[in-house]
Amino acid sequence: MNVGIIGSGTMGSGIAQVAATAGCQVKLYDTNQVALDKAKASLEKILSRLIEKGRMDAAEKSRIQSNISYVVELKSLADSNLTIEAIIENLDIKKKVFSELESYVADDCIIASNTSSLSIASIASSLQKPERCVGIHFFNPAPLMKLVEVIPAIQTSKEVLEKSIQTISDWKKTVAVAKDTPGFIVNRVARPFYGEALRIYEEGIADFATIDDAMKQVGGFRMGPFELMDFIGNDVNYTVTETVFTAFYFDPRYKPSFTQKRFSEAGYLGRKSGKGYYDYSEGAVKPEPKQDKELANQIFDRVLVMLINEAADALFLNIASAEDIDNAMTKGVNYPKGLLAWADEKGIDWCVSKLDDLYNEYHEDRYRCSPLLRRMNNKGMTFFK
């Protein structure tokens, strides 16, 4: 298969590596030759490190590198069977690129976007043959993360969807099919991990370190929400939150935080700026979490039940299947358990009770219980058992 990748940033380069490893002939396109040279050097470094760790040999490294060529003209992708766009999250720019690309490629070439939050239907509308457009959303770093969300637009043909699923599966990735709604699965369902943690901080219940510690020690998460926001970048994470909030017609469940907005405005972006919720400068001492088991459980329960509620609502609104939702969260963002399986473990009655307690305390629509959870509780149902 000939694969064209548009954009040689971290994500585009990562997708190119995945496709080349799977044996595809890949053309990585960027208008900036310096960016292409950087991508080539980065791949050399990554593959050399894999050799050092004994995960591949020199022949495999050479095979992968020989499968990728670097091009500065979009028309060089003319022989592609599949193109995946991984450029800036700007709808107008994506539409312009897609429209030009379509004039070069064959009629049966699949044109895909790696967007994490924009409407696939809107992107597809820029094409003469919108049925060839689909969302293929990788997670960073693409070579390591197992999950890929495949998102059909309302225009996407059944054949294009099936071919896309098969291709990504052949690339040894786990596919989760999602409806074309804001945030798809992961960026929608994960919102409370950040949002509720920020809310707990803003209420003065606990500081950053204590909240992070609770999610790691009690919940088994690899990183706490503030550590993760610092890793992602507060500017990036805030923009995604604001985008999802706006796209959902200002549903209070997705309301952004003034704390994160101010940190972003101050340039406290996290690791990449040297300071975020934590100080990453040389010699900086990380604050110690408060050791209070009851508080830690309270923090974890509140964040978890909001995550479960979001996952349940995604299922209720047919965004994806229960299996795909749980796969998305464990393989896309490394959650220790699938949220719906976690709901079964905690008990649907526990979920409904916790959410109702929060709603009764705050009287905010943010804490409304998903109708699916309430319906399941009334009928004594579970998600998987």
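Just above, that's the structure.
All residue numbers refer to positions counted from 1 along the written sequence of the respective chain. It should be noted that, the model being predicted, local features are given only for residues of pLDDT at least 70 and side-chain atom pairs only at 80 or more, the latter also being counted only at that level, while totals for whole chains, interfaces and linings use all residues. As a convention, hydrogens and water are excluded, and side-chain values are obtained from all of the structure's heavy atoms.

Draft legend 1. Focus on the environment of Thr-243. The way it works is that DSSP assigns letters per residue, a run of H or I at least four long becomes a helix, a run of E at least two long becomes a strand, and they are numbered from the N terminus. By the element assignment, Thr-243 lies in helix α11 (residues 234-247). Put simply, Thr-243 and Ser-117 are 126 residues apart on the chain and 7.5 Å apart in space, counted from C-alpha to C-alpha. Polar side-chain contacts of Thr-243 include one of 2.7 Å to the backbone oxygen of Thr-239. Residues adjacent in sequence count toward polar contacts only when both atoms are side-chain atoms; beyond that, a polar contact is any pair of N or O atoms within 3.5 Å, and within protein one must be able to donate a hydrogen and the other to accept it.

Draft legend 2. Looking closely at the side chain of Thr-241. Counting through the fold element by element, Thr-241 comes out in helix α11. Note on exposure labels: buried denotes an accessible area under 20% of the residue type's maximum, exposed denotes more than 50%, and partly exposed covers the range between, all computed with a 1.4 Å probe on protein chains only. On the basis of relative accessible area, Thr-241 is assigned to the buried category, the value being 9%. Only 2.6 Å separates the side chain of Thr-241 from the side chain of Arg-191, close enough to count as a polar contact. Contacts are assigned to residue pairs that have any heavy atoms within 4.5 Å of one another. Excluding residues within four positions of it along the chain, Thr-241 makes contact with Arg-191, Tyr-254, Pro-256 and Gln-260.

Draft legend 3. Focus on the packing of aromatic side chains. Centre distance within 6.5 Å is the pairing criterion for rings of Phe, Tyr and Trp, where only the six-membered ring of Trp is used; planes under 30 degrees apart are then read as stacked, over 60 as edge-to-face, and the remainder as tilted. Applying the stated rule across the entire model yields 18 aromatic pairs. On the numbers, 5.0 Å between centres and 35° between planes, the contact of Phe-193 with Phe-221 is tilted. A residue pair is termed long-range when its members are at least 10 positions apart, and Phe-193 in helix α8 (residues 191-202) and Phe-221 in the loop between α9 (208-217) and α10 (225-232) qualify at 28 residues. Residue classification places Phe-221 among the buried residues on the basis of a relative accessible area of 6%. A ring pair is formed by Tyr-362 and Tyr-367, whose centres lie 5.0 Å apart and whose planes are at 25°; its orientation type is stacked. Among the aromatic residues, those joined into a cluster by ring pairs are Phe-193, Tyr-194, Phe-221, Phe-300, Tyr-335 and Trp-342. Only when the NZ of Lys or the CZ of Arg is both within 6 Å of the ring centre and within 35 degrees of the ring normal is a charge said to sit over the ring. In this structure, Arg-199 packs its charged tip against the face of Tyr-362, placed 5.0 Å from the ring centre. Seen from the ring of Trp-350, Lys-346 lies directly overhead, with NZ or CZ sitting 4.6 Å from the centre.

Draft legend 4. Looking closely at the sheet that holds strand β1 (residues 2-6). Strands are labelled as partners when DSSP assigns at least two bridges between them. In spatial order, the strands read β3-β2-β1-β4-β5-β6-β7-β8; together these eight strands make up an open sheet with mixed pairing. If you trace the sheet from one side to the other, it starts and ends with β3 (68-71) and β8 (174-177), each paired once. Pairs of neighbouring strands in the sheet enclose a mean axial angle of 25°, with direction left out of account. Judged from the three bridges that link them, strand β5 (residues 110-113) and strand β6 (residues 133-138) form a sheet pairing that is parallel. Bridge pairing in β6 places Ile-111 opposite Cys-133. Axis definition: a line fitted to C-alpha atoms, over the contacting stretch in the case of helices. Angles run 0 to 180 degrees between N-to-C directions. Against the sheet, helix α1 (residues 10-21) makes contact with β1, β2 (25-29), β3, β4 (82-85) and β6, and its axis sits at roughly 170° relative to β2, the strand it touches most. Sheet strands in contact with helix α2 (residues 33-52) are β2 and β3, and its direction is about 160° off that of β3.

Draft legend 5. Representation of the pairing of β4 within the structure. Side chains Leu-82 and Ile-84 project from β4 onto one buried face, and the interleaved Thr-83 and Glu-85 project onto a second face that is buried too. As paired elements, β1 and β4 share four bridges and run parallel to each other. When the bridges of β4 are listed, Ile-5 appears paired with Ile-84. Pairing geometry for β4 and β5, over four bridges, is parallel. Bridged to Thr-83 within β5 is Ile-111. With helix α4 (residues 91-102) bridging β4 and the parallel β5, this β-α-β connection has right-handed handedness. A crossover gets the label right-handed when its path from the first strand over the helix to the second runs clockwise, viewed with the strands pointing away from the viewer.

Honestly, it's all geometry; don't read function into it.
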